[in-house]
Amino acid sequence: MPWTKRNYPPSLKNFEPRVRGKAVEIANALLEEGYEEGRAIAIATSQAKEWNENHPEQDAASGAAINLRVVPHEGSWAIKRQGSRQPEAVAPTKEAAENKAKQIASDENICVIVHRRDGTVEKSFNYR
């Protein structure tokens, strides 16, 4: 029996609704492909978390992304709002940019996603 928004595995109960919904969607697809239930849940959990990091929520009113990203920028590090081309701030070091981004995120109750120089996600901080 496929899972739904209201009927899902107990291991997903502490997930944010958006992530839980994606995990349910992935798990149901895996079950249809013949995966064992426990394995489907484990894979879906991992993939839903990764999806959430790479697909930030959008502000319904403006369409602007909610998350801040710390990214390499012209030999330094920039803080950018997801989807924005212009940096909100630039810092000489990754640590300085990360600390400033955490301050902003804490004040605005949003997330910070910190990238490595190669562009991959290193870590994230959730201030929601």
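Refer to the structure presented above.
Residues numbered from 1 in each chain as written. Predicted model: local features only at pLDDT ≥ 70, side-chain atom pairs only at ≥ 80, totals over all residues. Heavy atoms only, no water.

A.B. asks: Can you tell me about unusual backbone geometry, naming the residues and giving the values?
C.D. replies: Here Glu 74, not a glycine, exhibits a phi torsion of approximately 45°, which is positive. Within the fold, Glu 74 resides in the loop between β1 (68–73) and β2 (76–81). Note on Glu 74: relative accessible area 75%, which makes it exposed. (Helix = DSSP H or I, 4+ residues; strand = E, 2+ residues; numbered from the N terminus. Buried < 20%, exposed > 50% of the residue type's maximum accessible area, 1.4 Å probe, protein only.)

A.B. asks: Can you break down the sheet that holds strand β4 (residues 111–115) residue by residue, with the values?
C.D. replies: On the basis of which strands lie adjacent, the open sheet formed by five strands has the order β3-β2-β1-β4-β5 and mixed pairing. Unpaired on one side and paired on the other, β3 (89–91) and β5 (121–126) mark the two borders of the sheet. The average angle at which neighbouring strand axes cross in this sheet is 25°, direction not considered. Two elements, β1 and β2, share six bridges in a ladder whose sense is antiparallel. Within the sheet, the bridge partner assigned to Leu 68 lies in β2 and is Arg 81. (Pairing = 2+ DSSP bridges. Axes fitted to C-alpha atoms, helices over the stretch in contact; angles between N-to-C directions.)

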